[in-house]
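The chain contents come next:
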Amino acid sequence: MSAGGQVAEVLPGSPAGLVARFQGGRTASGPPTVGQANMIRCVLTDPPEHMNYRFVLNVPPGRTLGDVVTAAELLVSRHESLRTTFRDGLQHVVGEGELVIEVHESRGSADLADEVATRLQAVRFDPAGELPVRMAVTVTDGAPEHVVLIVTHTTVDAVGLGLMRAELGRLLLGEIPEPVTAPQPLDVAWAERNPASLKRAQAALTYWRTNLERIPRSTFTASVDDGDNDWLLPRLRVRSTRAARALGRIGTRTGVSRSAAVLAAYTLLAGLRAGQRTAVALAISANRFRPELREYVGPLAQDALVPIDLDEPTFDGVLRRARAATLAAYQNSRFDSDALVQIMEEVQRSRGVFFARDIVFNDMSVPGPGRRTGRTEEDGQDVRSHWLPDATMPTRTSLWVRTLEGEVDFTLWADPRCLPREDAEALGEGVVRLLIEAEERDVPVSEVSALTGVVPLERGPGWVTVDACWVHLAEVERLVRDAVGERPFRVTFEDGRLVCHLAGPVTPQEIHTACVGKLSGRMAAMTPHHYVICDGAPASPDGWAALPVLDEGTGR
């Protein structure tokens, strides 16, 4: 390792840089972990602002640029996830190398570190050709003030990021770290391939397939088409110390965890708004149940599919359903993401629906005493909320929890095409209002609308329920029209099925394949269940039944 941090040679006009030389031990290659494989796909396709983590740390007084370089060298040397690239289906760990740390003179700018972090975060990482870490330091007259660190989702999840941030803080203080005892990603990858792990992963895929074949394809079903949607969504921050106290009493009465109780309130209000008897959430599972993985610096988090049946007379009943559903979902949240994508494509073809990511729950709180502000008692408000600047999030709605003890503090992201701001405000605040009311009593579900202001969406003519899904017949017609082009057709709803008559020559399989190919991003559409291929087209829409039939079938 270097002793003092040499200035790197950089291109004219680019920031000056320091060179951190790391030596981490083994150079090795092997299969990626399931968490890494899942994140590689997302890093390549999702907005970089969403896939790149960033944080800024104050440099303790008296530390030098050489100390910053030493801290960086130690951090990268200790964690193979920071020295890993991905090519040809494998992860490749380099044992030694260099990391350039940008150096920026602050010139009195208090916001410079955040500006640098924003710029570095906005650039997509190249998993094949670039180490998954970027660093910068701001200085005043040569003295370091702030360190900026950017890492990508192939490197860590939220828990791993917290571990890394805390470790870098200690390194900047000059503390000598204990040896790393948690496994490195390569070790985890090989462990995932033992017979017991493979059996658990296969059971998880079975769980997903079974549920995907029966659940509503979305909860906030609306006639929207993603198209070129940039997913820049409004965000509502909601806080309540009263709700945190209520969660403690709810847990004592029902045995439901704080996290599951918030999820239950969120899904109940979402289902009430949408007119759904089952609400389906994608909860981010940390997957750190085993003790040896609790300090693991790598991506373990994956989606847990949580379908919660809401057909209960009281909120306590929904809480019990949520507890059972979350336990089953988290037990089945570690899987081969490529295999899951294949399953989702197969189910999409067989059911003829696009699975929408429209209720996402991410509990990032840490169990403990929590924040105790006393602010509610001071201002007399049980619930406080305010709108944050829009930010990118490719979901219909998403609830991100910061704290649940001492104070409930979360942010609700909401696509205004599905949930306008006024309704999003009612839902976000309604979550904590419901929890506060449930502190002392089992709230009847019939009272929830009056309590929260969340009311069922009024659906006009043309909306029908098919296969547990809300479907808009006009959207089905638009889907078929986009799939068949100029070919004449007619869609009808008969005996609980969508039937499509259309002019031949063509096969049901060809038409169904074309319809499935146009499904992505359409929440209110569904492919027809039965295709009737006719010899020509009638003179009037009612004449299809009189035409000779060339072929018919499901197309599946």
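Caption draft 1: Quick peek at the packing of helix H7 (residues 195–212) against helix H11 (residues 337–351). At a closest axis distance of 10 Å, the pairing of H7 and H11 adopts a crossing angle of 20 degrees. By the angle class used here, H7 and H11 are roughly parallel. Where H7 crosses over H11, the handedness of that crossing is right-handed. Between H7 and H11, the contacting residues are Leu205, Trp208, Arg209 and Leu212 on the first element and Ala339, Leu340, Ile343, Met344, Glu346, Val347 and Arg351 on the second.

Caption draft 2: Examining the pairing of strand E16 (residues 408–414) more closely. Across the seven residues of E16, seven count as buried, placing the element largely inside the fold. Residues Val408, Phe410, Leu412 and Ala414 line one face of E16 and the alternating positions Asp409, Thr411 and Trp413 line the opposite face, and both faces are buried. With six bridges joining them, strand E10 (residues 232–240) and E16 adopt antiparallel strand pairing. Bridge assignment links Arg239 to a residue of E16, and that residue is Asp409. With six bridges joining them, strand E15 (residues 397–403) and E16 adopt antiparallel strand pairing. Along E16, the bridge assignment pairs Val401 with Phe410. With antiparallel pairing between neighbouring strands as the criterion, E15 and E16 make up a hairpin whose turn holds four residues, including Gly406 at a positive phi of roughly 85 degrees.

Caption draft 3: Quick look at the sheet that holds strand E13 (residues 360–363). One open sheet accounts for seven strands, arranged E12-E11-E13-E15-E16-E10-E14; its pairing is mixed. The open sheet is flanked by strand E12 (302–309) and strand E14 (384–392), the only strands paired with a single partner. Averaged over neighbouring strand pairs, the angle between their axes works out to 25 degrees when direction is ignored. Each of strand E11 (278–285), E12, E13, E15 and E16 is contacted by helix H9 (residues 258–274), which is oriented at about 160 degrees to E13, the strand it contacts most. With respect to the sheet, helix H13 (residues 421–437) is in contact with E10, E14 and E16, its orientation differing from that of E10 by roughly 25 degrees.

Caption draft 4: Geometry of the confidence of the model for the protein chain. For the protein chain, the average pLDDT comes to 92, and 95% of its residues sit at 70 or higher. Below pLDDT 50 for its whole length, residues 1–14 participates in 27 contacts with residues either more than four positions away or in separate chains. Residue range residues 373–378 is modelled with pLDDT below 50. Its contacts to residues more than four positions away, or to other chains, number 12 contacts.

Caption draft 5: Expanded view of empty space enclosed by the protein. According to the stated counting rule, one finds two cavities of 30 Å³ or more in the structure shown. Here the largest cavity is characterised by a volume of approximately 50 Å³. Forming the boundary of the largest cavity are Arg273, Leu419, Asp423, Ala426, Leu427, Gly453, Val454 and Val455. Split into classes, the residues belonging to the lining of the largest cavity amount to five nonpolar, one polar and two charged. Within this model, the second largest cavity holds a volume of roughly 40 Å³. Considering the residues around the second largest cavity, the lining is formed by Pro216, Arg217, Ser218, Val280, Ala281, Leu282, Phe355, Ala356, Arg357, Asp358 and Ile359. In terms of residue class, the lining of the second largest cavity is built from seven nonpolar, one polar and three charged.

Caption draft 6: Structural view of the layout of surface pockets. Counted as a void, the second largest pocket has a volume near 560 Å³. If you trace the second largest pocket, you find 28 residues lining it, with Glu192, Ser197, Ala201, Arg334 and Phe335 closest to the centre. Looking at the lining of the second largest pocket, the elements with two or more residues in it are helix H1 (34–45), H7, helix H10 (315–331) and H11. The dominant element in the lining of the second largest pocket, judged by the number of residues it contributes, is H7, at eight residues. When its residues are assigned to classes, the lining of the second largest pocket shows 12 nonpolar, eight polar and eight charged.

Caption draft 7: Just the pairing of strand E19 (residues 489–494), in detail. Pairing geometry for E19 and strand E20 (residues 497–503), over six bridges, is antiparallel. Bridge pairing links Val491 to Cys500 in E20. Following E19, the chain reverses through two residues before pairing antiparallel with E20; Asp495 in that reversal takes a positive phi of roughly 55 degrees.

Caption draft 8: Layout of the environment of Ser337. Within the secondary structure layout, Ser337 lies in helix H11. Since its relative accessible area comes to 3%, Ser337 is described here as buried. A C-alpha to C-alpha distance of 27 Å links Ser337 and Arg402, two positions 65 residues apart in sequence. In this structure, Ser337 is in contact with Val34, Ala37, Asn38 and Arg41, ignoring residues within four places of it in sequence.

Caption draft 9: Geometry of the nonpolar core. Counting residues in hydrophobic clusters, the biggest one holds 78 residues, and the most contacted among them are Tyr266, Leu305, Val306, Phe315, Leu427, Val431 and Leu435. With 11 residues, the top contributor of residues to this core is H9. In this view, Val431 contacts Val262, Ala265, Tyr266, Leu269 and Phe410; residues no more than four positions away in its chain are not counted. Counting 32 residues, the second-largest nonpolar core is a separate cluster that includes Leu18, Leu99, Met135 and Leu168.

Caption draft 10: Layout of the sheet that holds strand E3 (residues 28–30). Strand order in this open sheet of three strands is E3-E6-E5, and the pairing throughout is antiparallel. This sheet does not close on itself; its edge strands, each paired only once, are E3 and strand E5 (84–87). Taken over all neighbouring pairs, the strand axes of this sheet differ in orientation by 25 degrees on average, direction set aside. Relative to strand E6 (residues 90–93), E3 runs antiparallel, the two being bridged by three bridges. Across the sheet, residue Ser29 finds its bridge partner in E6, namely His92.

Caption draft 11: Structural context of the packing of aromatic side chains. All chains considered together, the criterion is met by three aromatic pairs. On the numbers, 5.8 Å between centres and 50 degrees between planes, the contact of Trp400 with Trp413 is tilted. Placement of the pair is Trp400 in strand E15 and Trp413 in strand E16, with a sequence separation of 13 residues. Aromatic pair Trp463 and Trp470: ring centres 6.4 Å apart, planes at 80 degrees, arrangement edge-to-face. For the pair formed by Trp463 and Trp470, the shared burial category is buried. Geometry around Trp470 places Arg459 over its ring, the cationic atom sitting 4.7 Å from the centre.

Caption draft 12: Summary view of helix H15 (residues 473–484). Between its first and last C-alpha, H15 extends 16 Å over 12 residues, near the 16 Å set by a 1.5 Å rise per residue. Those residues of H15 that fall on the buried side of the exposure criterion are Glu475, Val476, Leu479, Val480, Ala483 and Val484. One side of H15 holds all its buried residues, which, seen down the axis, span an arc of 160 degrees. The inward-facing, buried residues of H15 abut strand E18 (469–472), E19, E20 and helix H16 (508–517).

Calculation criteria
- Residues numbered from 1 in each chain as written.
- Predicted model: local features only at pLDDT ≥ 70, side-chain atom pairs only at ≥ 80, totals over all residues.
- Heavy atoms only, no water.
- Axes fitted to C-alpha atoms, helices over the stretch in contact; angles between N-to-C directions.
- Helix = DSSP H or I, 4+ residues; strand = E, 2+ residues; numbered from the N terminus.
- Parallel < 35°, antiparallel > 145°, perpendicular 65-115°, else oblique.
- Left-handed = near helix turned anticlockwise from the far one by under 90°.
- Contact = heavy atoms within 4.5 Å.
- Buried < 20%, exposed > 50% of the residue type's maximum accessible area, 1.4 Å probe, protein only.
- Pairing = 2+ DSSP bridges.
- pLDDT = per-residue confidence, 0-100.
- 1 Å grid on protein atoms, 1.4 Å probe; cavity = no way out; pocket = protein on both sides within 12 Å on 5 of 7 lines; lining within 4 Å.
- Points joined across faces, edges and corners; volume = space filled by probe spheres on them.
- Nonpolar A, V, L, I, M, F, W, Y, C, P; charged D, E, K, R; others polar.
- Core = buried A, V, L, I, M, F, W, Y, C linked by side-chain atoms within 4.5 Å.
- Phe/Tyr/Trp six-rings, centres within 6.5 Å; stacked < 30°, edge-to-face > 60°.
- Lys NZ or Arg CZ within 6 Å of the ring centre and 35° of its normal.
- Expected span 1.5 Å × (residues − 1).
- Arc of directions from axis to C-beta.

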